[in-house]
Amino acid sequence: MFSMTLPQGVQTILSVLRQGGKRGVLVGGCVRDACMGLPAHDYDIATDATPAETLELFRDFRVLETGIKHGTVTILIDHEPFEVTTFRIDGDYRDHRRPDRVTFTTRLADDLARRDFTVNAMAFDGQMLIDPFGGQQDAQAHILRCVGDPDVRFNEDGLRILRALRFAAVLDFVIEPQTSDAIHRCRNLLEQIAVERLFAELRKLLGGQNAYAVLRGYADVMRVFLPELSDDGIEAIRHTPADGLLRLALLTEGSDAESALRRLRADKKTIRAVVQLHTLTLTDARHLLAEAGIQQAHRFADYAAVCDRIDADRQARLHVELDVLEQDKPCLSLRDLAVNGRDLQSLGLTGQEIGQALERLLEEVLSGRLPNERAALLDAAKHSFLQ
Ligand code: ATP
Ligand code: MG
């Protein structure tokens, strides 16, 4: 027996639809995750109401109409957004990516049939699981299988190839043999997909528990858009924590990571973080923390160990030192320093001298030669800078 606890907001939406004589069901990831015993992270609702009918039924609620062209009305309940999408049939997929047009339908069966994988093609109406393609059984057995003929489905939308690999990496699915063969066969379709969409999937894939096995098994597919991917790079992530950024840095180690990531239209923050991991040098924990911040400093400890820049012992100690330092609310920048420019000005320093003196005091504190205490810093300033 399938069951799923629904948050109050979802229950409200389903009952408003029902009272309006319409059908409302949960679809997609939340039903799949429930079958696998995992908590849901968002709830997608599908309905036979047209977008106009949905707007009318929810006229007393706050709604957002931004997705309405694709049939989606977002309903806010206690400030939480829930997407309600009209059942759809997709039109032709001439560019292997986006259907030329969407057609609304009142048949749930048609809406489920257009979905990518059996585990993603189930619906729950609050009471019953609607599962025309055996998704529940596949979810419980961790099998990822296309709905219908895999070659046809990948030709309709090449992004599904990478979605399959992402689900396999994150949710530990084994890809069913016919779907798997089609992924290898159809891999060049990825060339036609917008790179930012590929990159978004890649990031999620790399954060998955099972990323190593997926990269090993599908390196030919990944290399269609990431020719930089080497066998050594794949081996490097074998025993790492499931951290997308760390793995991205390891996979692009030794190549021109910045160009590769730009080509994939990675966001600036990601590029900066990867380049920082490639270029940071380790002096001591305090400097590392000051330069990189706590999360990135821990990541660097793992990165440097995989790249053999530090040994396992140093890596373990570094993690501990970083945590201890972080708990002390350490002084890491001029902002945290117990003296400021005005203090130095009142000692008689002027102009550029002030900035230079502050930098030197910070360096003394970072290296542990001076405590971050006002009296000690003023004293040092008097003796060092005011001869
Ligand atoms: P996640 O846990 O990442 O949110 P999800 O399965 O909910 O996973 P979404 O991208 O949110 O993924 O899509 C919601 C649902 O829409 C999917 O479960 C699937 O049924 C359908 N879907 C999404 N993208 C595609 C696609 N490219 N082709 C076919 N169906 C798709
Ligand atoms: Mg989702």
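Residues numbered from 1 in each chain as written. Chains lettered and ligands numbered in written order. Predicted model: local features only at pLDDT ≥ 70, side-chain atom pairs only at ≥ 80, totals over all residues. Heavy atoms only, no water.

### Observations concerning the domain arrangement of the protein chain
In terms of domain boundaries, the protein chain breaks down into domain 1 (1-135), domain 2 (142-242), domain 3 (280-328) and domain 4 (334-385). Computed from C-alpha coordinates alone, the two centres of domain 1 and domain 3 are separated by 45 Å. (Domains from an automatic or database assignment.)

### Remarks on unusual backbone geometry
Of note in this structure, His142 is not a glycine but carries a positive phi near 55°. Assignment of secondary structure puts His142 in the loop between helix 5 (135-140) and strand 10 (143-144). Residues other than glycine seldom take positive phi values, yet Arg265 does so here, at roughly 55°. Topologically, Arg265 is positioned in the loop between helix 14 (257-263) and helix 15 (268-279). (Helix = DSSP H or I, 4+ residues; strand = E, 2+ residues; numbered from the N terminus.)

### Focus: the packing of helix 9 (residues 195-206) against helix 13 (residues 244-252)
Between helix 9 and helix 13, the least distance of the axes is 8 Å, while the angle of their chain directions is 105°. Classified by the interaxial angle, the pair formed by helix 9 and helix 13 is roughly perpendicular. Facing helix 9, whose interface residues are Phe199, Leu202, Arg203 and Leu206, helix 13 presents Gly244, Leu245, Arg247, Leu248 and Leu251. (Axes fitted to C-alpha atoms, helices over the stretch in contact; angles between N-to-C directions. Parallel < 35°, antiparallel > 145°, perpendicular 65-115°, else oblique. Contact = heavy atoms within 4.5 Å.)

### Let's talk about the site of ligand 1
Surveying the vicinity of ligand 1 reveals 14 residues, the closest of which are Arg32, Asn120, Asp157, Arg160 and Arg166. Asp116 places a main-chain nitrogen or oxygen 3.2 Å from a nitrogen atom of ligand 1. Separating a nitrogen atom of ligand 1 from a side-chain N or O atom of Arg160 is a distance of 2.7 Å. Summarising the interface, the protein chains cover 78% of the accessible area of ligand 1, which totals 580 Å² for the free molecule. A majority-of-atoms criterion places ligand 1 in the largest pocket. Contributions of two or more residues to the shell around ligand 1 are made by helix 2 (29-35) and helix 7 (159-171). Taken together, the residues of the shell around ligand 1 break down into 1 nonpolar, 4 polar and 9 charged. (Near = heavy atom within 4 Å. Polar contact = N/O pair within 3.5 Å; in protein donor to acceptor, adjacent residues only side chain to side chain. Areas by Shrake-Rupley, 256 points an atom, 1.4 Å probe, with all protein chains shown as cover. 1 Å grid on protein atoms, 1.4 Å probe; cavity = no way out; pocket = protein on both sides within 12 Å on 5 of 7 lines; lining within 4 Å. Sits in = over half its atoms within 2 Å of the grid points. Nonpolar A, V, L, I, M, F, W, Y, C, P; charged D, E, K, R; others polar.)

### Describing the nonpolar core
Generally speaking, a soluble globular protein has its nonpolar side chains buried in company with each other. Formed by 114 residues in total, the largest nonpolar core has its most connected members in Leu26, Leu165, Leu205 and Leu361. With 9 residues, helix 7 is the largest single contributor of residues to this core. Once residues lying within four places of it in the same chain are set aside, the contact partners of Leu165 are Ile175, Ile183, Leu205, Val214, Tyr218, Val221 and Met222. Ala46, Phe87, Leu108 and Leu112 belong to the second-largest nonpolar core, a separate cluster that totals 8 residues. (Core = buried A, V, L, I, M, F, W, Y, C linked by side-chain atoms within 4.5 Å. Buried < 20%, exposed > 50% of the residue type's maximum accessible area, 1.4 Å probe, protein only.)

### Regarding the pattern of salt bridges
According to the stated counting rule, one finds 25 salt bridges in the structure shown. For the salt bridge of Arg153 with Glu156, the shortest nitrogen-to-oxygen distance reads 2.9 Å. On the criterion of helical spacing, the pair formed by Arg153 and Glu156 is a turn pair, its members being 3 residues apart in helix 6 (residues 150-156). Where Asp243 meets Arg299, a salt bridge forms, and the shortest distance between an N and an O atom there is 3.1 Å. One end of the pair, Asp243, is in the loop between helix 12 (231-236) and helix 13; the other, Arg299, is in helix 17 (residues 294-306), and 56 residues separate them in sequence. Residue classification places Arg299 among the buried positions, given a relative accessible area of 10%. Salt bridges linked by common partners bring Arg153, Glu156, Asp157 and Arg160 together as one network. (Salt bridge = Lys/Arg side-chain N within 4 Å of Asp/Glu carboxyl O.)

### Side note on the packing of aromatic side chains
On inspection of all chains with the given rule, the structure shows 4 aromatic pairs. Measuring from ring centre to ring centre gives 5.3 Å for Phe58 and Phe61, while their planes differ by 65°; the resulting arrangement is edge-to-face. Among the residues examined, Phe58 registers a relative accessible area of 1% and is labelled buried. With relative accessibility at 28%, the residue Phe61 sits in the partly exposed group. Lying over the aromatic face of Phe167, Arg166 brings its terminal NZ or CZ to 4.5 Å of the ring centre. (Phe/Tyr/Trp six-rings, centres within 6.5 Å; stacked < 30°, edge-to-face > 60°. Lys NZ or Arg CZ within 6 Å of the ring centre and 35° of its normal.)

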